[in-house]
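Survey of secondary and tertiary structure
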Amino acid sequence: IEQCIQSVLSQSFTDYEILVIDDGSVDNTGRIVQKMMEEYSAISVMQIIHSGAGAARNVGLEKAQGKYVIFLDADDYWTNPYLLKHLYRKLWQRDVDVVMFQMDKYTETGKLLLKYRKKPFPADKEYYCLNEIYETLVSDGQVLASSCNKCVRRSLLEKDHIVFQEGGLAEDIDWVLRLFSHIKSISFLDEISYAYRQHKGYSASNDMRG
């Protein structure tokens, strides 16, 4: 969790809030986050009874104040210290609904799994209407990869009540399908910025817990 949060604190862009949802952790997560929160005013922590990834993300969405939201799972981290800065530039150029960025998968020991790396995003335009690019994203396997490689307009999520399923599996897929049924515009940041740890015997549906 410390590496996860530190990867946000290390960003060159500093106008953000960090909402940590402690989903009933039984390790040192609570102590580590509390210590970091005392040092950095951008961090807020909410402790909930263990309810799963979907419920934890929904709590975060309820508490969020920013215009845009990004999810970052506790065992993952950002590898690009300029991610937020570059996202801001994209959003300043065109106030789109979603900006997608690239992610890499790693083993628990830190080995890069190149076979999972996706193709480059389309780059011939600054932004796209979703209906002109959606088929390409689906055929490349880009859309359903994760909720964590998408910077999303928060007002869109609120207006259309786009939340995560709670208590089930594959909440990412359900949420992304809901999201893409409502967005109208999208842009891409073709930079690998997110490190996703692939755990042995670990369900991808449980990757939000602290």
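Residues numbered from 1 in each chain as written. Predicted model: local features only at pLDDT ≥ 70, side-chain atom pairs only at ≥ 80, totals over all residues. Heavy atoms only, no water.

Observations concerning helix α5 (residues 130–139)
Among the residues making up α5, those that are buried are Leu130, Ile133 and Leu137. Each buried residue of α5 lies within a common arc of 85 degrees when the element is viewed along its axis, so the set occupies one face. Turned more than 90 degrees from where α5 packs its buried face, Asn131, Glu135 and Ser139 sit exposed. The inward-facing, buried residues of α5 abut β6 (128–129), α7 (171–180) and β8 (185–198). Phi turns positive, to about 75 degrees, at Gly141, one or two residues after α5. (Buried < 20%, exposed > 50% of the residue type's maximum accessible area, 1.4 Å probe, protein only. Helix = DSSP H or I, 4+ residues; strand = E, 2+ residues; numbered from the N terminus. Arc of directions from axis to C-beta. Contact = heavy atoms within 4.5 Å.)

Examining the packing of aromatic side chains
On inspection of all chains with the given rule, the structure shows seven aromatic pairs. For the ring pair Phe71 and Phe164, a centre distance of 5.2 Å and an interplane angle of 85 degrees mean the geometry is edge-to-face. In this pair, Phe71 sits in the loop between β3 (68–69) and β4 (77–78) while Phe164 sits in the loop between α6 (154–159) and α7, placing the two residues 93 residues apart along the sequence. Phe164 matches Phe71 in its accessibility class, with the two residues each being buried. On the numbers, 4.7 Å between centres and 5 degrees between planes, the contact of Phe164 with Trp175 is stacked. Note that Phe164 is positioned in the loop between α6 and α7 and Trp175 in helix α7, a separation of 11 residues in sequence. Overall, the relative accessible area of 2% leaves Phe164 in the buried class. A network of ring pairs unites the aromatic residues Phe71, Phe164 and Trp175 as a single cluster. Looking at Arg57, its charged tip hangs above the ring of Phe71, at a distance of 5.9 Å from the centre. (Phe/Tyr/Trp six-rings, centres within 6.5 Å; stacked < 30°, edge-to-face > 60°. Lys NZ or Arg CZ within 6 Å of the ring centre and 35° of its normal.)

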